[in-house]
Each structure stands twice: as structure tokens, then as C-alpha cells.
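Architecture at a glance
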Amino acid sequence: MSKTLRLYLALFFLGLLFSAVYPKEIFTWFLEVIPAVLGLIVLAFTYKRFAFTTFTYGFILVHCYILFIGGHYTYAEVPLFDWIKEVLHQSRNNYDKVGHFMQGFVPAMIVRELFIRKNVVANRSYFNFIIVATCLAISAAYEWLEWGVSLATGDGGDAFLGTQGDVWDTQSDMLFATIGAVCMVVLFSKWQDKALKGLGE
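These notes cover the structure that comes with them. The structure presented is a predicted model; accordingly, all values stated were derived computationally and were not measured.

Rules used in this analysis
- Residues numbered from 1 in each chain as written.
- Predicted model: local features only at pLDDT ≥ 70, side-chain atom pairs only at ≥ 80, totals over all residues.
- Heavy atoms only, no water.
- Disulfide = S-S within 2.5 Å.
- Helix = DSSP H or I, 4+ residues; strand = E, 2+ residues; numbered from the N terminus.
- Expected span 1.5 Å × (residues − 1).
- Buried < 20%, exposed > 50% of the residue type's maximum accessible area, 1.4 Å probe, protein only.
- Phe/Tyr/Trp six-rings, centres within 6.5 Å; stacked < 30°, edge-to-face > 60°.
- Lys NZ or Arg CZ within 6 Å of the ring centre and 35° of its normal.
- Salt bridge = Lys/Arg side-chain N within 4 Å of Asp/Glu carboxyl O.
- Axes fitted to C-alpha atoms, helices over the stretch in contact; angles between N-to-C directions.
- Parallel < 35°, antiparallel > 145°, perpendicular 65-115°, else oblique.
- Left-handed = near helix turned anticlockwise from the far one by under 90°.
- Contact = heavy atoms within 4.5 Å.
- Nonpolar A, V, L, I, M, F, W, Y, C, P; charged D, E, K, R; others polar.
- Core = buried A, V, L, I, M, F, W, Y, C linked by side-chain atoms within 4.5 Å.

1. Examining the state of the cysteines
Taken as a whole, this structure holds 0 disulfides when the rule is applied. For the unlinked cysteine Cys135, the closest cysteine sulfur is that of Cys183, found at 12 Å.

Here it is in C-alpha cells:
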């Protein structure tokens, strides 16, 4: 493991630790950070067979920090976005939209690297479309998960659902994930390609 990855791993646990110190709601904190923890476990077990570029790992870490912050405060009560809400006269705290943007952006980066290195998609004409469609499917599946948790836990799952009274919250969440995926393939593909060349791909 490189020094960069060791640093990323240390930063992951540091962020997880700080997020666990007096979170707003312990159950919500658990629900929000568990995807990051499960992701780390999967990446650790698959590392010897398939290690991503440090470029991709770096953005995965950024996504984890977004989850840690949302878990600590709850997505509806992140202080910076409360301030933004007041300054811009918004109707809600929109930190969750950052989370859902990254829920499209980072999976797009992961899926794109997998597709390229494993030569999953032979016809490159459909390459970007399939990546974005895959990320939208992931986002929709996560919305199903949020819905299921909220139904199963009642009031305990409301902060995890985080609709803040917005009846279109689910649809806008998926829209932001789609925007995130599109931004990744349009704006960051060349940078990722350079990182892949460093692996001899």
C-alpha cells in the first residue's frame, strides 16, 4: 500500500472518529456513516484483486467525509448550510443535495474506472450513457433503502430520510445524483484517464 493510501486510510478513521463525538442523533449517525464503513470493508477485501487509482480513492474519501458530516449533524442541520439558507433565503437546508450530487459523481468515477480496466463496454458510443444510467439506478436503489428504513423505524428514520417537508425530495435527490454523474464524465474523464495511464492501462 502506498503512502498516499495510508494517509487516506488514516484520514478516513479520523473523520469517522470526529463524526462519532456527540452526534445530533446517534441512530441517524449510524445510518448515515454505515455506507462509508461498508464501502471501506469492500475496498479492503478487494484491494489485492483490484486496486483503484489514488485519484479515485481520493474522491471516495471526500464522499465519506460528506457522509460523516451529514451523520454528525443530520443532513437537515449542517451549520454552514443553515447559514447559506438564511443568506440566500432558501426554504430548506440543502446539504443533502451535496451528498446526492456526490452519490452520482463518485459512483460514476468508480464505475468508469471498472468499465475501462475490465473492458466491460466494448462499444464506446454508449459508454457515458451506461455510466450515468448505472449511477441513476444506484441513486434510485438508495431512495428505496431510505424509504424502507423510514417505514420500518417510524420517527427514528425521519432524519435519515431528510425530506424537510419537500414532497419532491426523492425526485430532486435523483436529479442531483444524475447531475453529479454527468459532471464527472464530462469534466473529469481526462483527469481520470491520466491517472489510469499511470497504472499502465
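2. Quick word on helix α8 (residues 169–187)
Between the first and last C-alpha of α8 there are 26 Å, a value that for 19 residues agrees with the 27 Å anticipated at 1.5 Å per step. Listed in full, the buried residues belonging to α8 are Asp169, Ser172, Asp173, Ala177, Gly180, Ala181, Met184 and Val185.

3. Some thoughts on the packing of aromatic side chains
Taken as a whole and judged by the stated rule, the model has 14 aromatic pairs. Ring plane angle 45° and centroid distance 5.4 Å describe the contact between Phe59 and Phe105, whose orientation is recorded as tilted. With a gap of 46 residues between them, Phe59 in helix α3 (residues 54–73) and Phe105 in helix α5 (residues 95–117) connect regions that are remote in the sequence. On the basis of an interplanar angle of 85° and a centroid distance of 5.1 Å, the ring pair of Phe188 and Trp191 is categorised as edge-to-face. An aromatic cluster of three or more residues is present, and its members are Phe55, Phe59, Phe101, Phe105, Phe188 and Trp191. Over the aromatic face of Phe50 sits the side chain of Arg117, whose NZ or CZ is 4.1 Å from the ring centroid.

4. Let's talk about the environment of Gly58
You can see Gly58 is positioned in helix α3. C-alpha separation for the pair Gly58 and Tyr8, spaced 50 residues apart in sequence, amounts to 7.2 Å.

5. Examining the pattern of salt bridges
According to the stated counting rule, one finds 6 salt bridges in the structure shown. For Asp96, the salt bridge goes to Arg92, with nearest N and O atoms at 3.0 Å. For Asp96, a relative accessible area of 5% corresponds to the buried category. Accessibility expressed as a relative area gives 7% for Arg92, which makes it buried. Of the charged contacts, one joins Arg117 and Glu113 as a salt bridge, the two residues approaching to 2.7 Å between their closest N and O atoms. One end of the pair, Arg117, and the other, Glu113, are both in helix α5, 4 residues apart, so they sit about a helical turn from each other. Residues participating in the shared-partner salt-bridge network are Arg92, Asp96, Lys97 and Asp173.

6. Structural notes on the packing of α3 against α5
Where α3 contacts α5, the axes come no closer than 10 Å and their chain directions differ by 155°. In terms of orientation, α3 and α5 fall into the roughly antiparallel class. The crossing of α3 and α5 is left-handed. Across from Phe55, Thr56, Phe59, Ile60, Val62, His63, Tyr65, Ile66, Ile69 and Gly70 in α3, the residues of α5 making contact are Tyr95, Val98, Gly99, Met102, Gln103, Phe105, Val106, Met109, Ile110 and Glu113. Here the residues of the contact of α3 with α5 are counted per class, giving 14 nonpolar, 5 polar and 1 charged.

7. Examining unusual backbone geometry
For Tyr22, which is not glycine, the phi torsion reads 50° and is therefore positive. By relative accessible area, Tyr22 is classed as exposed at 77%. Phi at Asn119 is positive, roughly 50°, even though this residue is not glycine.

8. Here we look at α5
Three or four residues apart is the spacing at which side chains of an α-helix point the same way, because the helix has 3.6 residues per turn. With 23 residues, α5 should reach 33 Å at 1.5 Å per residue; the first-to-last C-alpha distance of 33 Å fits that figure. Among the 23 residues of α5, 17 are classified as buried, and the element is accordingly described as predominantly covered.

9. Digging into the environment of Lys197
By the element assignment, Lys197 lies in helix α9 (residues 189–197). In this structure Lys197 comes out as exposed when scored by relative accessible area, which is 65%. Residues Lys197 and Asn119, spaced 78 residues apart in sequence, show a C-alpha to C-alpha distance of 15 Å.

10. Structural notes on the nonpolar core
Counting residues in hydrophobic clusters, the biggest one holds 37 residues, and the most contacted among them are Phe12, Phe68, Phe105, Ile131 and Met184. Breaking this core down by element, the ones donating at least two residues are α1 (3–19), α2 (26–46), α3, α5, α6 (127–153) and α8. Other than its neighbours up to four places away in sequence, Phe68 contacts Phe12, Gly15, Leu16, Ser19, Val33 and Ala36.

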